[in-house]
Amino acid sequence: MAEHILELRNVTKTFGDFVAVDSVDFALQAGEIHAILGENGAGKSTLMNLIYGLYQPSAGRIYVTDREGWRRRLRAKSPRDAIAIGIGMVHQHFMLVENLTVAENIALSLGQSRPVTASDASENGTYKKWLRKFRFKREDAIRITEELSEQFGLAVDPSALVRTLSVGLKQRVEILKALAVDARILILDEPTAVLSPQEVEGFFTILRKLQADSRAIIFISHKMKEVLSISDRITVLRRGKKVYLGPTGELTARELAREMIGEDIEEVERSSDGNSEHKSSDSVLYLSNLTVLGSRNEVAVSDVSLETYRGEIVGIAGVDGNGQRELAEAIMGLRHRESGTISILGTDPKGTKAVRQRGVGYISEDRQTTGVIASFSVTENLLLNVTHLENTARWNVLNQKRKRNTAEQLIADYDIRPPIGGIPAAALSGGNQQKIVLAREISLHPDLLIAVNPTRGLDVNAARYVHENLLVQRAGKKSVLLISTELDEVLLLSDRLFVMSRGKLIEATAQRNDIETLGLLMTGEGL
Ligand code: ADP
Ligand code: MG
């Protein structure tokens, strides 16, 4: 039998009365890639947070083989204990200091792995001072970063400010952080959720390199295809319980899906009515020669023209970082436009509040910073929109009961779990936070809905639900602008298809059946 370097026995974690992880057994072998599959809220992140010392088990035990090869009971009181014993974790939500450089973030992670008290950070006020305290020379931090980058093929500019990086690059920095402290067990919580299909293959190459370097990897995902292609073994969690463990290939994708959700899944049906029936001559969004600058003053959106109509979904496919985000932000009045025209139902509303009042819903790419307010309750988040508040104001803004009822209805309709309006949004899994955004933005049936990667990080069922909702918008003669890195999703839903590459928008409706050409367009080769 292969050696277990990490073993969980009967581990349970409760939050109040809620059992998030229920008597789970789990074992990790040296050098394996072990996938954990489970739909949103299954308890995957909670289980990992227990291993990483962010939470302590309510019951059960965790054993780990330490760096010297001794098997020990792990009683991690904080991530520092877990890191010391060789466990690294890349969270679903990145834990980077945005205003520091890549190298400085790596240096911080090295610093944190030493015995440092929390007050070190606060007494000195700033991270910069904290860094100086470790006497990390800039050159050293840069050198360490470069060496690690080289060794694992994780190319990244050590001097770049983290906040200027794309999500894919931020993830690399997180992995580098774990490698910098020599993690032998790497926990990757939904790492591919933030990657485009093209980036996933490169990422898998990195995982295989890490594996060849005899590191054990826990790979969390709900994407069947990925799990089947990269893992050695699979554990499935459903509602906090381990329901399956076996070698990859033992079960088919469909069988695994059934383990995950307890029933068979169906694909969303898009009525094959062609483009003409729903498409009307009613223009909703009109962009003409729009140019928008990005955060580094580079041209992010370059001379884009586009018109959307009622009753259609216009899809924009593209690899992350090609101007999609800036385009959406410019339409939403969140980003200054350099030149060109934006018109929404014939007017040019100034500022995001005015844009929303004009009837625009926005499912943003980054739900953590623009989607939900983590410290606000689920109910408050659901009722956050200016427009939404005005809607409820028709009855009576001060009528708390009405508001609660509205929120409760949305929680039920969108199956937000746990179904408790009073808890902070921060306590919900990423997928459930996404459902809050969807419920809030879609329930108002905006004339124009801008959805940026609306199913990123969602499981199959939740993703299908989102797709159905976008189609409901379309059937209701609303206009939907779907911007997504998931080509499958854009192909499935769009009436008209565009590809965005290096800031340019290219219509590709005619090429929709030619995946190869689309791929070339997306990488900018087809131009
Ligand atoms: P997954 O990662 O599989 O999507 P999570 O582990 O994030 O699921 O969450 C499992 C369940 O536990 C969810 O219903 C979630 O809302 C709940 N949960 C997670 N963390 C907390 C917390 N700190 N307080 C209360 N409930 C929580
Ligand atoms: Mg999770």
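Remember, it's a predicted structure, so these values are computed and weren't measured experimentally.

Observations regarding empty space enclosed by the protein
All chains considered together, the criterion is met by one cavity of 30 Å³ or more. Estimated volume of the largest cavity: approximately 30 Å³. Tyr414, Lys435, Leu438, Leu458, Ala462, Tyr465 and Val466 are the residues that line the largest cavity. Those elements that place two or more of their residues in the lining of the largest cavity are helix H17 (430-442) and helix H18 (460-475). The leading source of residues in the lining of the largest cavity is H18, at three residues. A breakdown of the residues in the lining of the largest cavity according to their chemical character gives six nonpolar, no polar and one charged. Looking at the lining of the largest cavity, you find at least three residues from each of domain 3 (266-359 + 446-527) and domain 4 (374-445).

What to know about the sheet that holds strand S12 (residues 299-309)
Taken together, the three strands give an open sheet; going across it, the order is S12-S11-S14, and neighbouring strands pair in antiparallel fashion. One side of each edge strand has no neighbouring strand; the edge strands of this open sheet are S12 and strand S14 (337-344). When strand polarity is set aside, the average angle formed by the axes of neighbouring strands in this sheet is 5°. Pairing of strand S11 (residues 283-293) with S12, which is carried by seven bridges, proceeds in the antiparallel orientation. Its bridge partner lying in S12, Leu287 is registered against Leu306. Set on the sheet, helix H11 (residues 324-331) makes contact with S11, S12 and S14; between it and S11 the angle comes to about 120°.

Looking at the sheet that holds strand S1 (residues 4-15)
If you walk across this open sheet you meet the four strands as S2-S1-S4-S5, and the pairing is antiparallel. At either end of the open sheet lies a strand with only one pairing partner, and these are strand S2 (18-29) and strand S5 (71-73). In this sheet, adjacent strand axes meet at a mean angle of 20° when their direction is disregarded. Both S1 and S2 contribute to a ladder of eight bridges, which runs antiparallel.

Here's the deal with H17
In this model H17 runs 18 Å from its N-terminal to its C-terminal C-alpha over 13 residues, within 8% of the 18 Å that 1.5 Å per residue would give. With 13 of 13 residues buried, H17 lies mostly within the body of the structure.

Here we look at the site of ligand 1
What surrounds ligand 1 is a group of 17 residues, the closest being Gly41, Gly43, Lys44, Ser45 and Thr46. At a separation of 2.9 Å, an oxygen atom of ligand 1 approaches a polar backbone atom of Lys44. Interatomic distance of 2.9 Å between a side-chain N/O atom of Ser45 and an oxygen atom of ligand 1. Against a free-state accessible area of 570 Å², the protein chains account for coverage of 86% of ligand 1. Sorting the residues of the shell around ligand 1 by element identifies S2 and helix H1 (44-51) as the ones contributing at least two each. Counting residues per element, the shell around ligand 1 draws most heavily on H1, which supplies three residues. For the shell around ligand 1, the residue count by class is eight nonpolar, six polar and three charged.

Side note on H18
With 16 residues, H18 extends 22 Å from end C-alpha to end C-alpha; this agrees with the ideal 22 Å at 1.5 Å per step. When H18 is considered as a whole, its buried residues turn out to be Asn461, Ala462, Ala463, Val466, His467, Asn469, Leu470, Leu471, Gln473 and Arg474. Contacts from the buried residues of H18 go to helix H10 (253-261), strand S13 (312-317), H17, strand S16 (448-452), strand S17 (479-484) and helix H19 (487-493). After H18 finishes, the residue Lys477 shows a positive phi value of roughly 60°.

A short note on the side chain of Thr235
You can see Thr235 is positioned in strand S9 (residues 233-238). Ignoring sequence-local partners within four residues, the contact set of Thr235 consists of Phe26, His34, Ala35, Ile36, Leu37, Lys242, Tyr244 and Leu245.

Description of the pattern of salt bridges
Where charged atoms from two side chains of opposite charge approach closely, those side chains can pair. Throughout the structure, instances matching the rule amount to 23 salt bridges. Between Glu190 and Lys44 there is a salt bridge, with the nearest N and O atoms lying 3.9 Å from each other. Linking Glu190 in the loop between strand S7 (185-189) and helix H8 (197-212) with Lys44 in helix H1, this pair joins segments that are 146 residues apart in sequence. No difference in accessibility class separates Glu190 from Lys44, as the two residues are buried. Between Glu329 and Arg335 there is a salt bridge, with its nearest N and O atoms 2.8 Å apart. Each of Arg67, Asp182, Asp213 and Arg215 takes part in salt bridges that share partners, so that together they form one network.

Let's talk about the pairing of S1
Between S1 and S2, which pair antiparallel and follow one another directly, the connecting turn spans two residues, one of which, Gly16, has a positive phi of 60°. Across five bridges, the pairing between S1 and strand S4 (residues 59-65) is antiparallel. Its bridge partner being in S4, Arg9 is matched across the sheet by Arg61.

A word on the environment of Leu520
Within the secondary structure layout, Leu520 lies in helix H20 (residues 515-522). Linking Leu520 and Ser501, residues 19 residues apart in sequence, is a C-alpha distance of 10.0 Å.

What counts, and at which threshold
- Residues numbered from 1 in each chain as written.
- Chains lettered and ligands numbered in written order.
- Predicted model: local features only at pLDDT ≥ 70, side-chain atom pairs only at ≥ 80, totals over all residues.
- Heavy atoms only, no water.
- 1 Å grid on protein atoms, 1.4 Å probe; cavity = no way out; pocket = protein on both sides within 12 Å on 5 of 7 lines; lining within 4 Å.
- Points joined across faces, edges and corners; volume = space filled by probe spheres on them.
- Helix = DSSP H or I, 4+ residues; strand = E, 2+ residues; numbered from the N terminus.
- Nonpolar A, V, L, I, M, F, W, Y, C, P; charged D, E, K, R; others polar.
- Domains from an automatic or database assignment.
- Pairing = 2+ DSSP bridges.
- Axes fitted to C-alpha atoms, helices over the stretch in contact; angles between N-to-C directions.
- Contact = heavy atoms within 4.5 Å.
- Expected span 1.5 Å × (residues − 1).
- Buried < 20%, exposed > 50% of the residue type's maximum accessible area, 1.4 Å probe, protein only.
- Near = heavy atom within 4 Å.
- Polar contact = N/O pair within 3.5 Å; in protein donor to acceptor, adjacent residues only side chain to side chain.
- Areas by Shrake-Rupley, 256 points an atom, 1.4 Å probe, with all protein chains shown as cover.
- Salt bridge = Lys/Arg side-chain N within 4 Å of Asp/Glu carboxyl O.

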